[in-house]
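Chain by chain, the residues run as shown.
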Amino acid sequence: MDLQITSYNNRFQIKGNLTKLNIKTFNAHFTNIFDKLDNILLDIESVESIDRSGVMALAKLHNESITKSKRLSIIGLGCKELYEHFKSEESNIVAA
């Protein structure tokens with residue numbers, strides 16, 4: 001499934017695959033988003049698959065929110081790959 005991004009106010013629903021093949025769509029949609037909005041909510045419940053590029057795009061958006069002192073909330077379990085990625089990152093932090 002292709003990537004679909006729908007929005008209502010400051011809530012953005014991401015559906016489909018967040019992969020290298022369509023990361024340009026994601027980046028174009030969220031480029032300079034924090035210049036327009038002070039807080040956004042990303043719903044990733046309907047993300048079917050994500051690869052390293054997708055995870056990096058979410059991380060980039062997160063870092064931008066921090067540097068611009070804006071609020072980014074990500075809700076939904078999303079796909080298994082994303083959950084496993086952050087679960088392994090959490091384990092690495094605890095072990096350090």
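Above this note sits the structure.
Every residue gets a number counted from 1 within its own chain, in the order that chain's sequence is written. Per-residue local features are limited, in this predicted model, to residues with pLDDT of at least 70; the limit for side-chain atom pairs, both in listing and counting, is 80 or more; totals at the level of whole chains, interfaces and linings are taken over all residues. Calculation of side-chain values draws on the structure's entire complement of heavy atoms; hydrogens and water are dropped beforehand.

A. How the structure looks around the environment of Asn 10. For helices the rule is a DSSP run of H or I covering at least 4 residues; for strands it is a run of E covering at least 2, with both sets numbered from the N terminus onward. Position of Asn 10 among the secondary structure elements: in the loop between strand 1 (4-8) and strand 2 (11-18). Each C-alpha atom of the pair Asn 10 and Asn 39 lies 6.9 Å from the other, and the pair is 29 residues apart in sequence. Residues count as neighbours in contact if any of their non-hydrogen atoms are within 4.5 Å of one another. Aside from chain neighbours lying at most four places away, what touches Asn 10 is Leu 37, Asn 39, Ile 40 and Leu 41.

B. Representation of the environment of Gln 13 within the structure. By the secondary structure assignment, Gln 13 is in strand 2. Along the primary structure Gln 13 and Asp 43 are separated by 30 residues, whereas in three dimensions their C-alpha atoms are 4.7 Å apart.

C. Representation of helix 1 (residues 23-30) within the structure. Residues of helix 1 that are buried: Ile 23, Phe 26 and Phe 30. Down the axis of helix 1, the buried side of the element spans an arc of 60 degrees, and every buried residue falls inside it. Facing away from the buried side of helix 1 by more than 90 degrees, the exposed set consists of Lys 24 and Ala 28. Lining the buried residues of helix 1 we find strand 1, strand 2, helix 2 (33-36), strand 3 (39-50) and helix 3 (52-67). Positive backbone phi, approximately 55 degrees, marks Asn 32, located one or two places after helix 1. Buried residues are those whose accessible area, probed at 1.4 Å on protein chains only, stays under 20% of the maximum for their type, while exposed residues exceed 50% and partly exposed ones sit between those limits. It is the directions from the helix axis to the C-beta atoms that the arc portrays.

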